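Descriptive analysis of the structure
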Amino acid sequence: MAPTAPILPMTATKSESGPAPALWRGGWYRYARALKSPNKGLRPANARVDLIVVHSISLPPGEFGTQNVQRLFTNQLDWDAHPYFKGLRGLQVSAHFFIARSGELWQFVSCDERAWHAGQSSYRGRDNCNDDSIGIELEGLEGGIFETLQYETLAGLCAAVMARYPIEHLAGHEHIAAGRKQDPGPGFDWPFLQRCLAAPDRYFPEPGRGRR
Ligand SMILES: [Zn+2]
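Reading guide: rules and limits
Residues numbered from 1 in each chain as written. Predicted model: local features only at pLDDT ≥ 70, side-chain atom pairs only at ≥ 80, totals over all residues. Pairing = 2+ DSSP bridges. Helix = DSSP H or I, 4+ residues; strand = E, 2+ residues; numbered from the N terminus. Contact = placed C-beta atoms within 7 Å. Axes fitted to C-alpha atoms, helices over the stretch in contact; angles between N-to-C directions. Core = buried A, V, L, I, M, F, W, Y, C linked by C-beta atoms within 7 Å. Buried ≥ 20, exposed ≤ 12 C-beta atoms within 10 Å, placed from the backbone. pLDDT = per-residue confidence, 0-100. Parallel < 35°, antiparallel > 145°, perpendicular 65-115°, else oblique. Left-handed = near helix turned anticlockwise from the far one by under 90°. Nonpolar A, V, L, I, M, F, W, Y, C, P; charged D, E, K, R; others polar.

1. Structural notes on the sheet that holds strand 12 (residues 169-172)
Reading across from one edge, 3-7-6-11-5-12 is the order of the 6 strands in this open sheet, with mixed pairing throughout. One side of each edge strand has no neighbouring strand; the edge strands of this open sheet are strand 3 (33-34) and strand 12. Against the sheet, helix 3 (residues 148-164) touches strand 5 (51-57), strand 6 (97-99), strand 7 (105-107), strand 11 (133-139) and strand 12, its axis set at about 170° to strand 11.

Take a look at the structure:
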């Protein structure tokens, strides 16, 4: 007599074809490594989060993989560890996200809250861009180029952010704080990001204002 065919638990098949896990838990992105920053606040009650701001940072500048950005954003940086850090002493800043050269993604502030990345800024006719933007830092040197792995993480992240928030603008720090900030600079490939997202031209900075 043939052995009885094993009965496969239906749940195994169902879970494989079931809904994908949620990308967000509140304002926290599932695929980011969470490290909470105290440098944050509430958004204004009527904030319409329609802007993604791209930055570049490395500490000290040009040195990658140091973990110093993570320390800075959590107020753990040793100001005396490097001469460059002395100029940052007491600085309380954060961004929602940081993308390392390896493409590894970190999140410091819920996207439902206000991170401190933009400073004095103005874009699409509104000041104080921290109120209603999401800040993404790329590990890199202002004006330098960025890694393919970073663009891959960035594109996936932007798509996820755009699925949750009514994003209609993506710009660099240099565009929202013109004359004061220059990051990420001419090495950042805006057309590549635009192609990844299949987003319209009107979402991006005007040609000649940072686009290659
Ligand atoms: Zn910046």
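2. Some points on the nonpolar core
Among the nonpolar cores identified, the biggest contains 39 residues, and Ile52, Val53, Ile136 and Val161 are the most heavily contacted of them. For this core, the secondary-structure elements that each account for two or more residues are strand 5, helix 2 (68-73), strand 6, strand 11, helix 3 and strand 12. Here the element with the most residues in this core is strand 5; it accounts for 5 residues. With residues near it in sequence (within four places) discarded, isoleucine 52 still touches Ser133, Ile134, Ile136, Cys158, Val161, Ile167 and Leu170.

3. Topic: the confidence of the model for the protein chain
With 89% of its residues at a pLDDT of 70 or more, the protein chain shows a mean pLDDT of 91. Ignoring residues within four places in sequence, the model shows residues 8-14, a span with pLDDT below 50, making 1 contact including any to other chains.

4. Thoughts on the pairing of strand 5
Within strand 5, 7 of the 7 residues are buried, leaving the element largely enclosed by the surrounding structure. Side chains Leu51, Val53, His55 and Ile57 of strand 5 all project onto a buried face; the interleaved residues Ile52, Val54 and Ser56 project onto the opposite face, where all are buried too. Two strands pair when backbone bridges link them, and strand 5 and strand 11 are joined in this way by 7 bridges, in the parallel orientation. Paired with isoleucine 52 across the bridge in strand 11 is isoleucine 134. Judged from the 4 bridges that link them, strand 5 and strand 12 form a sheet pairing that is parallel. Residue pairing for strand 12: leucine 51 is matched across the bridge by histidine 169.

5. Description of the packing of helix 3 against helix 5 (residues 190-197)
The axes of two packed helices give the description: the angle between them and the distance between them. Close contact between helix 3 and helix 5 brings their axes to 10 Å; oriented N to C, the two are set at 50°. Looking at the two axes, helix 3 sits oblique to helix 5. The way helix 3 lies across helix 5 gives a crossing that is right-handed. Contacts between helix 3 and helix 5 involve Tyr151, Leu154, Ala155, Cys158 and Ala159 from the former and Phe192, Leu193, Cys196 and Leu197 from the latter. Along the lines of polarity and charge, the residues of the contact of helix 3 with helix 5 split into 9 nonpolar, no polar and no charged.

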